[in-house]
Amino acid sequence: MKDVIFDDFQNTVNDSLIRHKSILDIITKFQESNGRINRAVAKSITSCGCINVNAKKQQIPEDNDDINIESLKNCLKTHIDGNLCDNCREVIEREIGNNLFYLTSLCNILDLNLYDILIKEYDKINTLGKYTFR
């Protein structure tokens, strides 16, 4: 069922993309949508203030003999304090949606299946598990 939803989304994007069919249009719109996501997150911090960034060096315990992946995961911080307000959440969700549209458009123009890509990445994460460092 999930593959049907992905395929339907991919087909709908393909049908709705008329004006910007050029690979150059798509990759620049995709890049622009990445920037708009970053801008929306930054505005949540600087204009709204619903979230704050409290960034400092990640603290990893010095006694590495006693540390495992689970405890390391608990030591590392997101540096975000607070929660998105409804307005900021809506804006960021809209920008991520636009980004998904252009990502899917890129897949379409390159004859790639977004669901297949997701499954391959999912399988890779499951195979490598917590040892996947990017």
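Structure's up top.
Everything numeric here is computed off the predicted structure, so don't read it as measured data.

**Considerations on the side chain of Ser33**
No. 1: Here Ser33 lies in helix H2 (residues 23-48).
No. 2: Taking the relative accessible area as the measure of exposure, Ser33 reaches 3% and is therefore buried.
No. 3: Setting aside anything within four residues of it in sequence, one finds Ser33 in contact with Asn98, Asn99 and Tyr102.

**Some remarks on the state of the cysteines**
No. 1: One pass over the full model with this rule turns up zero disulfides.
No. 2: Of all cysteine sulfurs, the one in Cys85 lies closest to Cys48, which takes part in no disulfide; the gap is 3.6 Å.

**A few points about the packing of aromatic side chains**
No. 1: Considering all chains together, one arrives at two aromatic pairs under this definition.
No. 2: A ring pair is formed by Phe101 and Tyr102, whose centres lie 5.1 Å apart and whose planes are at 90°; its orientation type is edge-to-face.
No. 3: Assessed through its relative accessible area of 21%, Phe101 is described here as partly exposed.

**Comments concerning the pattern of salt bridges**
No. 1: Enumeration according to the criterion identifies two salt bridges in this entry.
No. 2: Notably, a salt bridge pairs Arg36 with Glu95, separated by 3.2 Å at the nearest N-O pair. Of this pair, Arg36 sits in helix H2 while Glu95 is found in helix H4 (residues 86-109), placing the two residues 59 residues apart along the sequence.
No. 3: Arg36 gets classed as partly exposed once you look at its relative accessible area, which sits at 43%.

**Topic: the environment of Leu118**
No. 1: If you trace the backbone, Leu118 turns up in helix H5 (residues 114-128).
No. 2: With relative accessibility at 40%, the residue Leu118 sits in the partly exposed group.
No. 3: For the pair Leu118 and Phe6, spaced 112 residues apart in sequence, the C-alpha to C-alpha distance is 9.7 Å.

**Observations regarding the packing of helix H1 (residues 2-16) against H4**
No. 1: Relative orientation of the contacting elements H1 and H4 amounts to 85°, with a least axis distance of 9 Å. Classified by the interaxial angle, the pair formed by H1 and H4 is roughly perpendicular. For the pair H1 and H4, contact is made by Phe9, Gln10, Val13, Asn14 and Ser16 and by Leu100, Phe101, Thr104, Ser105, Cys107 and Asn108, respectively.
No. 2: The class makeup of the residues in the contact of H1 with H4 is five nonpolar, six polar and no charged.

Conventions adopted
Residues numbered from 1 in each chain as written. Predicted model: local features only at pLDDT ≥ 70, side-chain atom pairs only at ≥ 80, totals over all residues. Heavy atoms only, no water. Helix = DSSP H or I, 4+ residues; strand = E, 2+ residues; numbered from the N terminus. Buried < 20%, exposed > 50% of the residue type's maximum accessible area, 1.4 Å probe, protein only. Contact = heavy atoms within 4.5 Å. Disulfide = S-S within 2.5 Å. Phe/Tyr/Trp six-rings, centres within 6.5 Å; stacked < 30°, edge-to-face > 60°. Salt bridge = Lys/Arg side-chain N within 4 Å of Asp/Glu carboxyl O. Axes fitted to C-alpha atoms, helices over the stretch in contact; angles between N-to-C directions. Parallel < 35°, antiparallel > 145°, perpendicular 65-115°, else oblique. Nonpolar A, V, L, I, M, F, W, Y, C, P; charged D, E, K, R; others polar.

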